[in-house]
Structure formats: C-alpha cells, structure tokens
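Observations on chain architecture
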2 protein chains.
Amino acid sequence: MKTDETCYDSLRLENQLCFPLYAAAKEVVKKYNPFLSEIALTYTQYIAMMVLWDKQEISVKELGEYLFLDSGTLTPLLKALEKKGFVTRQRSESDERVLIVKITDEGMKLREKAVLIPQQVGSCVKIDEDEANELYRILYKILGGLKND
Amino acid sequence: MKTDETCYDSLRLENQLCFPLYAAAKEVVKKYNPFLSEIALTYTQYIAMMVLWDKQEISVKELGEYLFLDSGTLTPLLKALEKKGFVTRQRSESDERVLIVKITDEGMKLREKAVLIPQQVGSCVKIDEDEANELYRILYKILGGLKND
DNA sequence: TACAATTTAATTATACACAATTAAAGTTAC
DNA sequence: GTAACTTTAATTGTGTATAATTAAATTGTA
C-alpha cells in the first residue's frame, strides 16, 4: 500500500477537468496567431469581427453577450479595431447610453482574407469529427449551465 | 433558397470549435475566484500550488512544462507566491541557470484549506460523469496533438 | 584551450481579462 | 414630478499571457 496522502487526490493536477480545459483553450488560441497576424488581428479581435461580419451593426452590450466579454475588455478592443479602420463607434440617437459598433467596408473586405483561417487552424487540432462534435456539444452544455447561477 | 453568403459559413461564431473552448475555459476559471480569494490565490497560482503540493520542489522550467506556461508568466507569479510566504526561490548549486522553487510549511498548510475547492467548483459544471470523462479524454488528446507540431 | 551553440531565466513590451467603481441616462414607484 | 433604482459603457487597478530580447552559464567541438 502506498503512503501517499490520497485524501488530497482531488488536488492533483491530473485529476482536474478545468486544467486541461484552461490549457487546451490557451494552446489552441495560440495556434491562430501566425494566421491572424497576417490580417493584423488578435484572437479576441477576430471573434469580435466574426460577429460583425455576420451582423454589421451591434451594441457593445449585445456583442459582449455573444462573446462572454464585458466592456472592460471590449472598449479598448473596439477602439483598436476603430483605429485600424475596421469598425466605427457611435452613440445610439435614441438612447445615448448605448454605443453602436458598425463594421466598415474595409472591415467587410477583411473577411475574404480570413476565410481560410478556420481550416488552417482546424488541421492542428487532431481529433476525429465525432470527437469534435461531442466536444462542441459538451462545451456549450457547460456554457449554458454556467449562465443560470 | 437563402441569399446569405454561405461561402463564409466557416467564419460564423456558432461554427467554431475554438470559441466555446475559449469561452468555457474562461467562464469555468472565473467560477474558482470566490473560493480562491478566500485563500489568497489566483487560478494560475492555484494550479502552480497544485504541482508544488505534489512535488514540494521543482525547477521553473519543469513547472512550466506541467502548466503549459513560460517563465514570462511564471517569474512574476512565483515572486507573488514567495511574497505570500508559500514558496521559496533559489538557484540550483550545481547549475546556476536553474531556479528551484520549493514549497514552504505555510504553503503545504494551504492544501488543507484548498481541498474542498474542486468539489465546490465541480458542482457548477453541470455535465454527467460520462461527459466529463469524455471531455477530459478529448482535451488531453488535443493537448497531446498540439505538442508535436 | 577557445569559441560557437545551446539552455535557462529574466526583462520588456503589448494585449487581453475581470472586479470594482464611476458617470450618465433612462425607468419606476410613489 | 421627483427621488430611488436600473442600465449601459467607460475607467481604474491588478493579474495573467505571449513574443522578442538579453544575459549568464554550460556544453560541444575543432
């Protein structure tokens, strides 16, 4: 019998579910950087642009709900995108508390350059299609479950 | 037939695997904060302590390999843990390039307070045991696959 | 022996990320 | 109608993270 203190097994790194989640997210996001640097975007800017490519126009609040980010992260990020000419930021006329983000023509044009990125990064993630689908399903189940706390 | 530009479907947020991975990791780590703040640790400090609770003594390099973190992250983190009295940092005598991190008695004592945390956070992640096992397996498969690039 | 290459950690610069607070504008209740 | 509350975004402060560079020590090789 081992003399290890098994009452602390729950605190071993290899028994954590959160740790591989944390590490895998970090490592996969890192794989985007060589491709994203070619179009002058960071990963967070890229997912914000994804929403804008789809919607063209959105409030900071609603964008934050899509991305699970708050204005403390989004404000400097959107200012950076504005500086690069990919978006404009202006207050809503009907409610001046609301800041509306709109994609520019320049921003829409960026989509053509970005279209190959998902496939390029996807090839780094060496899992089967079934596993990818299962992972996707479980991750959204976790995200859904966390919201109601 | 819809007039949407389906050639850009790969760039829709809901078609990404990386995004829910990124968001779920972030949101789950956030769930640790109320518990970790009671023992004056951040999440990253907590996973570093996990390795130290297990090994008592380790080089910065080896610690970084366990955690997927480099010295740029670990150096300030370990200095913070040293300041709180949980670790000591000293150069190896045999090779002065190597910095050895050792856990203190104070640091070991912290484990007793931390032992309930995995269960407390686990209850926030509302997935079955089977799903948790499957998620764990797929995440480590991804991490393993990324290393050989 | 020398000297180039490697290894290791620290440093610097940039960019998220979140908690807490602030400020402004709207909404509700009385 | 106005005071209290709520909503929205910005600001501030702290703490990760990574890339690139620097510096010191060791290793390998001619």
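Structure first, text after, so check above.
For the structure given in this document, a descriptive report is provided here. Within any chain, residue numbers begin from 1 and follow the written order of that chain's sequence. Going through the entries in the order they are written, you letter the chains from A and number the ligands from 1. In view of the model being predicted, local features appear only for residues whose pLDDT reaches at least 70, and side-chain atom pairs are presented and counted only at 80 or more, with totals across whole chains, interfaces and linings using the full set of residues.

**Observations regarding the protein's contact with DNA strand C**
A:Thr42, A:Thr44, A:Gly72, B:Lys61 and B:Thr75 are the nearest of the 24 residues found near DNA strand C. Where the surface near DNA strand C is concerned, the elements lending two or more residues are α2 (43-55) and α4 (71-83) of chain A together with α1 (18-38), α3 (60-67) and α4 (71-83) of chain B. If you tally residues by element for the surface near DNA strand C, the top one is α4(A), at four residues. Residue classes in the surface near DNA strand C are distributed as six nonpolar, 10 polar and eight charged. Only the C-beta atom matters for this test: placed from the backbone, it must lie within 6 Å of a molecule or strand for the residue to be near it. Counting from the N terminus, the helices are DSSP H or I runs at least four residues long and the strands are E runs at least two residues long. Amino acid classes used here: Ala, Val, Leu, Ile, Met, Phe, Trp, Tyr, Cys and Pro are nonpolar; Asp, Glu, Lys and Arg are charged; the rest, including Gly, are polar.

**Examining the nonpolar core**
Within the largest apolar cluster, 75 residues are counted, with the highest numbers of intra-cluster contacts made by A:Leu21, A:Ala25, A:Met49, B:Leu21, B:Ala25 and B:Met49. Residue pairs qualify as contacts under a 7 Å threshold applied to their C-beta atoms, which are placed from the backbone. Once you skip the residues sitting within four places of it in the chain, B:Met49 turns out to touch B:Leu41, B:Phe86, B:Gly107 and B:Leu110. For our purposes the nonpolar core covers buried Ala, Val, Leu, Ile, Met, Phe, Trp, Tyr and Cys residues that link as a set through C-beta atoms within 7 Å. Whether a residue is buried, exposed or partly exposed follows from its count of other C-beta atoms within 10 Å of its own C-beta, namely 20 or more, 12 or fewer, or something in between, respectively; the C-beta atoms are built from the backbone.

**What about the interface of chain A and chain B?**
With 50 residues of chain A at the interface, the matching set in chain B holds 50 residues. Ranked by residue count, the leading element in the side of chain A that touches chain B is helix α7 (residues 129-147) of chain A, at 13 residues. Taken together, the residues that form the side of chain A that touches chain B break down as 36 nonpolar, four polar and 10 charged.

**Observations concerning the protein's contact with DNA strand D**
If you check the shell around DNA strand D, you find 25 residues, and the closest are A:Lys61, A:Gly72, A:Thr75, B:Thr42 and B:Gly72. Breaking the surface near DNA strand D down by element, the ones donating at least two residues are α1 (18-37), α3 (60-67) and α4 of chain A together with α2 (43-55) and α4 of chain B. Looking at the surface near DNA strand D element by element, the count peaks at five residues for α4(B). For the surface near DNA strand D, the per-class residue count stands at seven nonpolar, 10 polar and eight charged.

**A few points about unusual backbone geometry**
Residues and elements named next belong to chain A. Unlike most non-glycine residues, Gln56 shows phi in positive territory, near 70 degrees. By secondary structure assignment, the location of Gln56 is in the loop between α2 and β1 (57-59). You can call Gln56 partly exposed: it has 13 C-beta atoms within 10 Å. Positive phi values are uncommon outside glycine, yet Phe68 reaches one of about 60 degrees. Mapped onto the fold, Phe68 is located in the loop between α3 and α4. On the basis of neighbour count, Phe68 is assigned to the partly exposed category, with 19 C-beta atoms found within 10 Å.

**Description of the environment of A:Leu52**
Residue and element names in this part refer to chain A. Here Leu52 shows up in helix α2. It is 8.7 Å that separates the C-alpha atoms of Leu52 and Leu63, two residues lying 11 residues apart in sequence. When residues no more than four places from it in sequence are discounted, the contact partners of Leu52 are Ile58, Val87, Val101, Ile103 and Gly107.

**Focus: the packing of α2(B) against helix α5 (residues 105-114) of chain B**
Residues and elements named next belong to chain B. Here, axes are lines fitted to C-alpha atoms. For helices the fit covers the stretch in contact, and angles between N-to-C directions go from 0 to 180 degrees. Orientation of α2 relative to α5, taken along the N-to-C sense of each, is 110 degrees, at an axis distance of 10 Å. As summarised for this structure, α2 and α5 are arranged roughly perpendicular, according to the angle between their axes. Facing Met49, Leu52 and Trp53 of α2, the residues of α5 in contact are Gly107, Met108, Leu110 and Arg111. When grouped by side-chain class, the residues that make up the contact of α2 with α5 number five nonpolar, one polar and one charged. To sort the angles, those under 35 degrees are grouped as roughly parallel, those over 145 as roughly antiparallel, those from 65 to 115 as roughly perpendicular, and the leftovers as oblique.

**Observations concerning the sheet that holds strand β3 (residues 99-103) of chain B**
All names here are of chain B. The rule for pairing is simple: two strands pair if DSSP sees at least two bridges between them. Spatial strand order, β1-β3-β2: three strands in an open sheet with antiparallel pairing. A single partner strand is all that each edge strand has here, and the edge strands are β1 (57-59) and β2 (87-91). With direction set aside, neighbouring strand axes in the sheet form an average angle of 25 degrees. Of the strand pairs in this sheet, β1 and β3 are connected by three bridges, and their pairing is antiparallel. Along β3, the bridge assignment pairs Glu57 with Lys102. Sheet strands in contact with α4 are β2 and β3, and its direction is about 125 degrees off that of β2.

**So, the relation of the copies chain A and chain B**
Here two copies of a chain appear, and what relates them is a rotation about an axis with a shift along it. The two copies are related by a screw motion: chain A maps onto chain B through a turn of 180 degrees and a shift of 0.0 Å along the axis, at an RMSD of 0.0 Å. Read as a symmetry element, the transformation amounts to a two-fold axis. Of the interface residues in chain A, 100% have counterparts in chain B that sit at the interface too, so the contact is made through matching surfaces. Fitting of the copies onto one another was done by least squares over C-alpha atoms, counting residues only where both copies have pLDDT of at least 70.

**What about the pairing of β3(B)?**
Pairing analysis gives five bridges linking β2(B) to β3(B), with the strands arranged antiparallel. Within the sheet, the bridge partner assigned to B:Thr88 lies in β3(B) and is B:Lys102.

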